[in-house]
Amino acid sequence: MPLEEFTTHEVFNQTPPLVDINFAALDQPLLGALDAFGVKGDATHLVEQGAMLGTAAHLELARLANENPPKLKIFDARGLRQDLIEFHPAYHELMRRSIEAGLASSTFENLPADRVLANGKLHGKGHVARSALHYLVSGIEAGHLCPVTMTHAGSAALASAATHLKALMPLIASRVYDASFRPFWEKQGITLGMGMTEKQGGSDVRANTTRARQIAGDEYEITGHKWFLSAPMCDAFLVLAQAVGGLTCFLMPRFRPDGALNGLHLQRLKDKLGNRSNASSEVEFVKAFAWRIGPEGRGVQTIIEMVQLTRLDCISSSAGLMRMGLALAINHARHRSAFQRKLAQQPAMRMTLADLAISAEAAIAVALRLAQAFDRSEKEPVQAAYARLITPAIKFAICKSAPGFLYEAMECLGGNGYVEESPLPRLYREAPVNAIWEGSGNIMALDVLRAASRDREATRAVLAELARQTHDLPEADRLVERIKALIAQDEGQGSARALTLDLAALASAAALAQCAPHALTEAFARTRFHRAHELFGANELDEECEQLLERALPAS
Ligand SMILES: Cc1cc2nc3c(=O)[nH]c(=O)nc-3n(C[C@H](O)[C@H](O)[C@H](O)COP(=O)(O)OP(=O)(O)OC[C@H]3O[C@@H](n4cnc5c(N)ncnc54)[C@H](O)[C@@H]3O)c2cc1C
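One structure accompanies this document, and this report is about it.

Cut-off values and rules
Residues numbered from 1 in each chain as written. Predicted model: local features only at pLDDT ≥ 70, side-chain atom pairs only at ≥ 80, totals over all residues. Heavy atoms only, no water. Phe/Tyr/Trp six-rings, centres within 6.5 Å; stacked < 30°, edge-to-face > 60°. Buried < 20%, exposed > 50% of the residue type's maximum accessible area, 1.4 Å probe, protein only. Core = buried A, V, L, I, M, F, W, Y, C linked by side-chain atoms within 4.5 Å. Helix = DSSP H or I, 4+ residues; strand = E, 2+ residues; numbered from the N terminus. Contact = heavy atoms within 4.5 Å. Near = heavy atom within 4 Å. Polar contact = N/O pair within 3.5 Å; in protein donor to acceptor, adjacent residues only side chain to side chain. Areas by Shrake-Rupley, 256 points an atom, 1.4 Å probe, with all protein chains shown as cover. Nonpolar A, V, L, I, M, F, W, Y, C, P; charged D, E, K, R; others polar. Pairing = 2+ DSSP bridges.

**A few points about the packing of aromatic side chains**
So, step 1. Overall, the coordinates contain 8 aromatic pairs when judged by the stated rule.
So, step 2. For the ring pair F87 and Y91, a centre distance of 4.0 Å and an interplane angle of 10° mean the geometry is stacked.
So, step 3. Ring plane angle 90° and centroid distance 6.4 Å describe the contact between F524 and F529, whose orientation is recorded as edge-to-face. F529 shares its class with F524; the two are buried.
So, step 4. Taken together through their ring pairs, the aromatic side chains of F184, W185, F289 and W291 make up a single cluster.

Right under this line is the structure:
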């Protein structure tokens, strides 16, 4: 049947759009991982959300929010500063839905205050369910999740200042998206941002030159700049600045306690490769008011509590982008014919899709396994050690592989994948940022090296668990020995990436072993333990192809 009668030709052999489907219910790898690592009942909320997220109307919000990026309104008509960001209504709607769904707060809601503040750390609950939802939402629109993620993670840094945590938590946990530009204490719900990166250095935050002068008690005045300050419309920011005692973390509200606009002078918005629905600004702090969070000189240690959580979100976001790229590619290949067969039946295409499906399934499996470690780390030291060591390894491996993955998924759609009417260009442009922010690739690899060598006993315990979970996989014992040798050799930073990739492969296989069919886990081990995996589709996966594609996206 032709799709439409043109006077010059018939339209046929074009793929129906992937809309009005439940992205959670059709995602076996996601549901399997949730079942293995989450708690009973997690899937109910997720499947409800999956139905809403897959509607044509919701997908249209994602397109609109990116095709109508935010605008900076520094001055009003009279030349007075207002430092406002104007967003398209679609962006506000995406924010409202994500915040109401609990993405900015769910892990910290309903916790008794004494547990919240145990050891000055905020131990949340339900990270697995939240990460699963974060993955789903990211696949559809990731840009708006920047402030959502920072709000969620910011609570962990606030745990170093009980008074501020207590004041802000009800406004975070309210699940109300209140976009009004007013002091946070007058609002129903708030969002938080983060300012660390300066012109002279982002990875090396100790080189920050922004200065903090104490006014009284925990009140300070901050002067300097930030070269990247995403989501500048947030109600308050966790900011690093140099105080007398060294680099310190501060909470900087948009409005001063007397209700006047605080001295955050937005300079311009970044013109970015992707992440276009999100506003990322350059800002000057002109005697900006802020409260100290944690002791002077402990800025990195305080804000790292936040960064550890944002890294978890970089992982689930990358996994979500990959999964959406895969679903679009499989959908296309099942409908499009070339050379008398559906693409999905062409052996080279089947191999490519199956290879992509292995990486996508491993990504969500290990993302949720990591989230489980966050849930358990308060009471189980091995889980805390796992979270510490494996988070940077997986952030490195998955966030770095996502752009290449999405490029391959895009090519599965041929030219239709390259044009802006398809979601793939947006997914592709979005992917690299997860590898850059919250600690770029080498910084993650060096962090793995640091964690592995700092606490050898904890590292041994984590490796022992991973070895146990992968013992029946081909070459797993060799991989474990290689990792041990890389740690023991202590060859310095030059081996950081090799160690990180090996550790990520082992941890991913171990996660798959707990939630995926054995044949799939074995295929992962066979094709990913050698560190030479550069292009998709060049692996021998014949027998597994059908199962992999059916798990990734059921044919009917
Ligand atoms: C869209 C976007 C939004 C952002 N939003 C925010 C925000 O809201 N708040 C914020 O604080 N920051 C934000 N950032 C900044 C981001 O966190 C930094 O860009 C990142 O941390 C890297 O810092 P840098 O750009 O200064 O690069 P550099 O620190 O100069 O690093 C450059 C490269 O060198 C590598 N490198 C650094 N040190 C070493 C080493 N010792 N050995 C080997 N390699 C090394 C890094 O891995 C990186 O690849 C944002 C960035 C982007 C792209």
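**Quick word on the nonpolar core**
So, step 1. L238 and I390 are the most contacted members of the largest nonpolar core, which totals 183 residues.
So, step 2. By residue number, the principal contributor to this core is helix α10 (residues 347–376), which donates 19 residues.
So, step 3. For I390, the contacting residues outside a window of four places in its chain are L370, V462, L466, L503 and A507.

**Notes on the site of the ligand**
So, step 1. Close to the ligand lie 20 residues; M196, T197, G202, S203 and S230 are nearest.
So, step 2. F228 is positioned with one of its backbone polar atoms (N or O) 3.3 Å from a nitrogen atom of the ligand.
So, step 3. Coverage of the ligand by the protein amounts to 67% of the 970 Å² it exposes when considered alone.
So, step 4. Counting only elements with at least two residues in the shell around the ligand, the list comes to β5 (192–195), β7 (219–230), α12 (424–436) and α13 (441–454).
So, step 5. Tallied by class, residues from the shell around the ligand come to 9 nonpolar, 9 polar and 2 charged.

**Overview of the pairing of strand β11 (residues 280–293)**
So, step 1. By the criterion of burial, β11 is predominantly enclosed, with 10 of the 14 residues buried.
So, step 2. One ladder, built from 9 bridges, connects β7 with β11; its direction is antiparallel. By the bridge assignment, I222 is partnered in β11 with A288.
So, step 3. Where strand β9 (residues 246–253) meets β11, 3 bridges bridge the pair, whose relative direction is antiparallel. Across the sheet, F250 pairs through a bridge with R292, a residue of β11.
So, step 4. Bridging between strand β10 (residues 264–269) and β11 involves 5 bridges; their strand directions are antiparallel. The residue bridging R268 from the neighbouring strand is E282, located in β11.

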